[in-house]
Amino acid sequence: QVQLVESGGGLVQAGGSLRLSCAASGRTFSSYTMAWFRQAPGKERELVAAITSGGSTNYAVSVKGRFSISRDNAKNTVYLQMNSLKPEDTAVYYCAARTRLTGDYNYWGQGTQVTVSS
């Protein structure tokens, strides 16, 4: 069983920055693919960014160049640095882990609210 606990959300003005953190349990965190998803009111959940065990990353087109995902395996933590925030980035952000080589993300955090005011 893997537990994920997000932190770092809040209210920020457009153009500002936030850093989200996700602390994970589990002895083999370094082998997990980790990701951040978000869900805005009335919209489907979407992948924001992901990072593999080897450090490869991918981003949604809408956040590329503004957001950066990273991980610290010594701390069992994954981060999402969000810069140049826009009102359309407002959503609940979820941390997710995929502990198997293939398939869906199988562990999820409880979510943290990010609100960007114009």
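Everything in this summary refers to the structure shown in the same document. (Residues numbered from 1 in each chain as written. Predicted model: local features only at pLDDT ≥ 70, side-chain atom pairs only at ≥ 80, totals over all residues. Heavy atoms only, no water.)

Quick look at the sheet that holds strand S8 (residues 77–82)
Defined as follows: At least two DSSP bridges between two strands are required for those strands to pair. Note on conventions: DSSP H or I runs of at least 4 residues are helices, E runs of at least 2 residues are strands, and numbering of each starts at the N terminus. Interaxial angles span 0 to 180 degrees and are taken between N-to-C directions of axes, which are lines fitted to C-alpha atoms, for helices over the stretch in contact.
Taken together, the 4 strands give an open sheet; going across it, the order is S1-S3-S8-S7, and neighbouring strands pair in antiparallel fashion. The open sheet has two edge strands, strand S1 (4–7) and strand S7 (67–72), and neither has a second partner. Sheet twist, expressed as the mean angle between neighbouring strand axes with direction ignored, is 15°. Sheet topology note: the strand S3 (residues 18–24)/S8 ladder contains 6 bridges and is antiparallel. The residue bridging Ala23 from the neighbouring strand is Thr77, located in S8.

Side note on the side chain of Ser21
What counts here: The buried label applies to any residue whose accessible area, calculated with a 1.4 Å probe on protein chains only, is under 20% of its type's maximum; exposed applies above 50%, and partly exposed to all values in between. Contacts are residue-level and defined by heavy atoms, with any inter-residue pair within 4.5 Å sufficient.
Residue position: Ser21 is located in strand S3. The exposure class of Ser21 is buried, given its relative accessible area of 16%. Beyond its immediate sequence surroundings of up to four residues, Ser21 is in contact with Val5, Glu6, Ser7, Trp36, Thr77, Val78 and Tyr79.

Details of the nonpolar core
To keep things clear, this is the line we draw: We call a set of buried Ala, Val, Leu, Ile, Met, Phe, Trp, Tyr and Cys residues a nonpolar core when their side-chain atoms join them within 4.5 Å.
Core analysis: the largest hydrophobic core is formed by 30 residues, its most contacted members being Leu4, Met34, Trp36, Leu80, Met82 and Tyr93. If you list the elements that add at least two residues to this core, you get S3, strand S4 (33–39), strand S5 (46–51), S7, S8, strand S9 (91–98) and strand S11 (112–117). When neighbours within four sequence positions are excluded, Leu80 is seen to be in contact with Leu18, Arg19, Leu20, Trp36, Val48, Ala49, Phe67, Ser68, Ile69 and Tyr93. The next biggest cluster of nonpolar side chains, apart from the first, holds 5 residues, and it includes Phe37, Ala50, Ala96 and Tyr105.

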